[in-house]
Amino acid sequence: MKLETARFGEIEIREHDIYTFPDGIPGFEQDKRYTLMGLEGLDGFACLQCVDRGELSFIIVNPFVFFSDYEFNLPDADAKLLEAADPQDLSVWTIVTIKDRLESATVNLVAPVVLNERKRRGKQVILVDPNLGTRHALFQTVEGV
């Protein structure tokens, strides 16, 4: 299937490459189908592209690449919606917010996007953890360097 996107122009995707988000993504509940696209030259980064609206996409990152101590327990209701029988089937991503420059990007660690790679289902999970927030600096700066 061909898809016209704002970010990548025309792309071709297979039906197997589509993830269904039964609840959509908060703020975009009507958009249920997405595909995951790698970003060339940016390890750990990807794009979650809406299949039904070419202008809608999210830059996402693998949080474990940038935050080695990041961890959470997937709530039972979310695991059920994702049909997550085996944790090995799941991948975790976080949405990136870029205001001016990539160097000042932040990520939302309190609401990871969890994908079931085998069942092709997705969910943005909302965690209850006072240590996590919506604007963690993606790139840590080192003072004095």
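Please read all numbers here as calculations on a predicted model, not as lab measurements.

K.L.:
Looking at this structure, I do not really get the pairing of strand E9 (residues 113-116). What am I missing?
P.N.:
As a general feature of sheets, a regular strand has side chains that alternate between the two faces. Burial of the side chains of E9 extends over both faces: Val113 and Leu115 are buried on one face and Val114 and Asn116 on the other. Relative to strand E10 (residues 121-124), E9 runs antiparallel, the two being bridged by 4 bridges. Residue pairing in the sheet places Val113 in a bridge with Gln124 of E10. What sits between the antiparallel neighbours E9 and E10 is a turn of 4 residues, in which Arg120 has the positive phi angle 60°.

K.L.:
Looking at this structure, how should I read the pattern of salt bridges?
P.N.:
When their charged atoms lie close together, side chains carrying opposite charge are able to pair. Considering all chains together, one arrives at 13 salt bridges under this definition. When the shortest N-O distance is used, the salt bridge between Lys123 and Asp23 registers 3.5 Å. Residue Lys123 is located in strand E10, and its partner Asp23 is located in the loop between strand E3 (18-20) and strand E4 (33-38); the two are separated by 100 residues in the primary sequence. For Arg53, the salt bridge goes to Asp31, with nearest N and O atoms at 2.8 Å. You can see Arg53 sitting in the loop between strand E5 (45-50) and strand E6 (57-61) and its partner Asp31 sitting in the loop between E3 and E4, a full 22 residues away along the chain. Overall, the relative accessible area of 4% leaves Asp31 in the buried class.

Each value, and the rule that gives it
- Residues numbered from 1 in each chain as written.
- Predicted model: local features only at pLDDT ≥ 70, side-chain atom pairs only at ≥ 80, totals over all residues.
- Heavy atoms only, no water.
- Buried < 20%, exposed > 50% of the residue type's maximum accessible area, 1.4 Å probe, protein only.
- Helix = DSSP H or I, 4+ residues; strand = E, 2+ residues; numbered from the N terminus.
- Pairing = 2+ DSSP bridges.
- Salt bridge = Lys/Arg side-chain N within 4 Å of Asp/Glu carboxyl O.

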